[in-house]
Amino acid sequence: MKKDWPLWEVFVRSKNGLEHRHFGSLHAADAAMALENARDVYTRRNEGVSIWVVESKYITASNPEDNGEMFEPAQSKVYRHPTFYDLPDEVKHM
Amino acid sequence: MSEKEVKNLEVIFEARIERDDKIEPKDWMPEKYRKTHIRQISQHAHSEIVGMLPEGNWITRAPSLRRKAALLAKVQDEGGHGLYLYAAAETLGISREEMYEQLHTGKAKYSSIFNYPAITWADIGAIGWLVDGAAIINQVALCSTSFGPYARAMVRICKEESFHQRQGYEIMLTLCRGTEEQKAMAQDALNRWWWPSLMMFGPRDEDSPHTAQSMKWKLKRKTNDELRQQFIDQTVPQADLLGISVPDPELKFNSETGHYDFGEIDWDEFWQVVKGHGPCNKERMEARVGAWEGGAWVRDAAMAYAEKQEKRKVAKAS
């Protein structure tokens, strides 16, 4: 019985000092092939110095339908931002 | 979900697009939005993949190592662009295999331009200059489309594609500065590729039933006729610079409108090629299906190898 190649997500570090960023996805039979394909598909013009690949099925994603419960609690917490606090102008560098 | 709830979601959805919010794959979207995007993105992907065929044919016959390396890189880019786009379409819930199936059975279309043959080396110049030039105009307009994965793929593609057009124009320039025979070759290529390139923008606005909906969803930012006019206005001066003439006796700069007026496109030819009766439709599909079927044992072997390695790893660990 033939099986289709699974889907992988590709993360690339553009240069040292920066984090890996999601670049896209591709199909490959295994991790070694996914890395090689990622090199050819996403870094043909020196876009990266390091690649991560992970099979897409291992990613757990939040659901936009739950964005209310998920992210709204942060919206009301303005006191987490420095601008919430009133200080006199004489106070410099704070 | 009740009809009223769906209606409500649709109103919220339209409002999001109106304020230039991007739509991401897991967001709620109307079924028609999903279907239209699957159709357009997959057909765009198919065009990139089939587009490798007319040029790939010339890689071994490029006139110098420099030209060969550039053409090879261009064709490889097109493969990459097809892959970005297939991946973007897959986020909408269609599998890669389903898309291939649709291409191979003729259910999905690809750009008709690739059903014309690349007969001489000058055609490789004309394809880069005109076909990629037209594609870039279409694609730049899509960089700000509402569906996130499609817009991101378009940004990447546009960045990579400007070299394609420049390498094509450089080929034309070299031929036009060469012998009489070489210049005639360039003229002949322009003669054959001009009209099909104009057809790449699709039917006239009044014959394009999807335009209104696509504009609303920002799947299109400009109409077919607007983009076609933009292409003509930017390309005619480039032909003048080459010293070859555009094969349209009615082409004339209109100083009132600031645009070129041009002759009637042969729409019968356009529909013939769309319906599968172009010079190379059959050949292109045979090449694609042949590659897919001929490569089946390689895909199966790679999968079998991956499974065997996985089993070994598990056995070692236990």
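Residue numbers run consecutively from 1 along every chain, following the written order of its sequence. Chain letters start at A and ligand numbers start at 1, both assigned in the order the entries are written. Thresholds applied to this predicted model are a pLDDT of at least 70 for local features of residues and 80 or more for the giving and counting of side-chain atom pairs; totals over whole chains, interfaces and linings are not thresholded and use all residues. Values shown for side chains rest on all heavy atoms present in the structure; no hydrogens or waters enter the calculation.

**Q** Can you help me understand the overall build of chain A in this one?
**A** Per the secondary structure count, chain A includes two helices and three strands. Order of helices (α) and strands (β) in chain A, N terminus to C terminus: β-β-α-β-α. Rg of the C-alpha trace for chain A: 21 Å, well past the compact-globule value of 12 Å for 94 residues, more than 25% over. With a 1.4 Å probe rolled over the protein chains alone, any residue whose accessible area is under 20% of its type maximum counts as buried; one over 50% counts as exposed, and the rest are partly exposed. Each of the 94 residues in chain A was classed as buried or not, and the buried ones make up 24%. Areas reported here follow the Shrake-Rupley algorithm with a probe of radius 1.4 Å; residue values treat only the protein chains shown as occluding. Entry remark: accessible area of chain A is about 7200 Å², with carbon and sulfur atoms responsible for 54%. Across chain A, 12 positive and 15 negative side-chain charges occur, with their mean positions spaced 8 Å apart. Helix numbering and strand numbering both begin at the N terminus, where a helix is a DSSP run of H or I of at least 4 residues and a strand a DSSP run of E of at least 2. What the globule rule says is 2.2 Å times the number of residues to the power 0.38, and the radius of gyration is computed from C-alpha atoms. In this charge count, Lys and Arg are treated as positive and Asp and Glu as negative; neither His nor the chain ends contribute. All charge positions are set by atom: Lys at NZ, Arg at CZ, Asp at CG, Glu at CD.

**Q** Which parts of the structure should I look at to understand the pairing of strand 2 (residues 20–27) of chain A?
**A** The side chains of a regular strand alternate between the sheet's two faces. With six of eight residues buried, strand 2 of chain A lies mostly within the body of the structure. By the convention used here, strands pair only if DSSP detects at least 2 bridges between them. Hairpin connection, strand 1 (residues 7–13) of chain A to strand 2 of chain A: the antiparallel pair is bridged by six residues, and Gly17(A) has positive phi, about 105°.

**Q** For this particular structure, what's the right way to read the nonpolar core?
**A** Generally speaking, a soluble globular protein has its nonpolar side chains buried in company with each other. Buried residues of nine kinds, namely Ala, Val, Leu, Ile, Met, Phe, Trp, Tyr and Cys, make up a nonpolar core once their side-chain atoms join them within 4.5 Å. Of all hydrophobic cores here, the largest spans 91 residues; its most connected members are Leu26(A), Trp129(B), Trp193(B), Trp194(B) and Phe231(B). Top element by residues in this core is helix 6 (residues 121–142) of chain B. It accounts for 13 residues. Pairs of residues are marked as contacts when any of their non-hydrogen atoms sit within 4.5 Å. Contact partners of Trp193(B), with chain neighbours within four places excluded, come to Ile113(B), Tyr116(B), Pro117(B), Ala118(B), Asp123(B), Ala126(B), Ile127(B), Leu130(B) and Val131(B).

**Q** For this particular structure, what's the right way to read the environment of Gln213(B)?
**A** Residue and element names in this part refer to chain B. By the element assignment, glutamine 213 lies in helix 9 (residues 211–216). Glutamine 213 sits in the partly exposed class, given a relative accessible area of 24%. Separated by 48 residues in the primary sequence, glutamine 213 and aspartate 261 place their C-alpha atoms 28 Å from one another.

**Q** Where do I start with the interface of chain B and chain A in this structure?
**A** Accessible area lost on assembly of the parts is the figure often given for the size of an interface. With 22 residues of chain B at the contact, the number on the chain A side is 22 residues. Both faces combined, the contact of chain B with chain A buries some 1900 Å², and carbon together with sulfur accounts for 51% of it. Broken down residue by residue, the surface that chain B buries against chain A is led by Lys26(B), Arg156(B) and Met303(B), which jointly contribute 27%. One side-chain nitrogen of Lys or Arg within 4 Å of one carboxyl oxygen of Asp or Glu is enough to make a salt bridge. At the boundary of chain B with chain A, the tally comes to five salt bridges. Counting of polar contacts relies on pairs of N or O atoms within 3.5 Å, with two restrictions inside protein: one atom must be capable of donating a hydrogen and the other of accepting it, and residues adjacent in sequence are counted only when both atoms are side-chain atoms. Linking chain B with chain A are ten residue pairs in polar contact (both at pLDDT 80 or more), by the criterion used here. Looking at the side of chain B that touches chain A, the elements that each hand over two or more residues are helix 4 (65–90), helix 5 (96–104), helix 7 (148–176) and helix 13 (296–317) of chain B. Here the buried area means the combined drop in accessible surface, using a 1.4 Å probe, for two parts upon being joined, counting both sides.

**Q** Help me understand the side chain of Arg16(B), please; the structure alone is not making it clear to me.
**A** Residues and elements named next belong to chain B. Its location among the elements puts arginine 16 in helix 1 (residues 3–18). We classify arginine 16 as buried; its relative accessible area is 18%. Reaching out from arginine 16, the side chain makes a polar contact with the side chain of aspartate 27 at a distance of 3.2 Å. Excluding residues within four positions of it along the chain, arginine 16 makes contact with Asp21, Lys22, Ile23 and Asp27.

**Q** What is the right way to look at the packing of aromatic side chains in this model?
**A** All names here are of chain B. In this scheme Phe, Tyr and Trp rings, the latter by its six-membered ring, pair at centre separations within 6.5 Å, and the angle between planes marks the pair as stacked below 30 degrees, edge-to-face above 60, and tilted otherwise. Tallied over the entire structure, the rule returns 17 aromatic pairs over all chains. Ring geometry for tryptophan 129 versus tyrosine 169: centroids 5.6 Å apart, planes at 65°, classification edge-to-face. Here tryptophan 129, found in helix 6, pairs with tyrosine 169, found in helix 7; they are 40 residues apart in sequence, far enough to count as distant. Of the two residues, tryptophan 129 and tyrosine 169, both sit in the buried class. Aromatic pair phenylalanine 253 and tyrosine 260: ring centres 5.2 Å apart, planes at 75°, arrangement edge-to-face. Taken together, the aromatic side chains of Phe13, Trp28, Tyr33 and Trp217 make up a single cluster linked through ring pairs. We count a charge as sitting over a ring when the NZ of a lysine or the CZ of an arginine lies within 6 Å of the ring centre and within 35 degrees of the ring normal. Geometry around tyrosine 84 places arginine 156 over its ring, the cationic atom sitting 5.3 Å from the centre.

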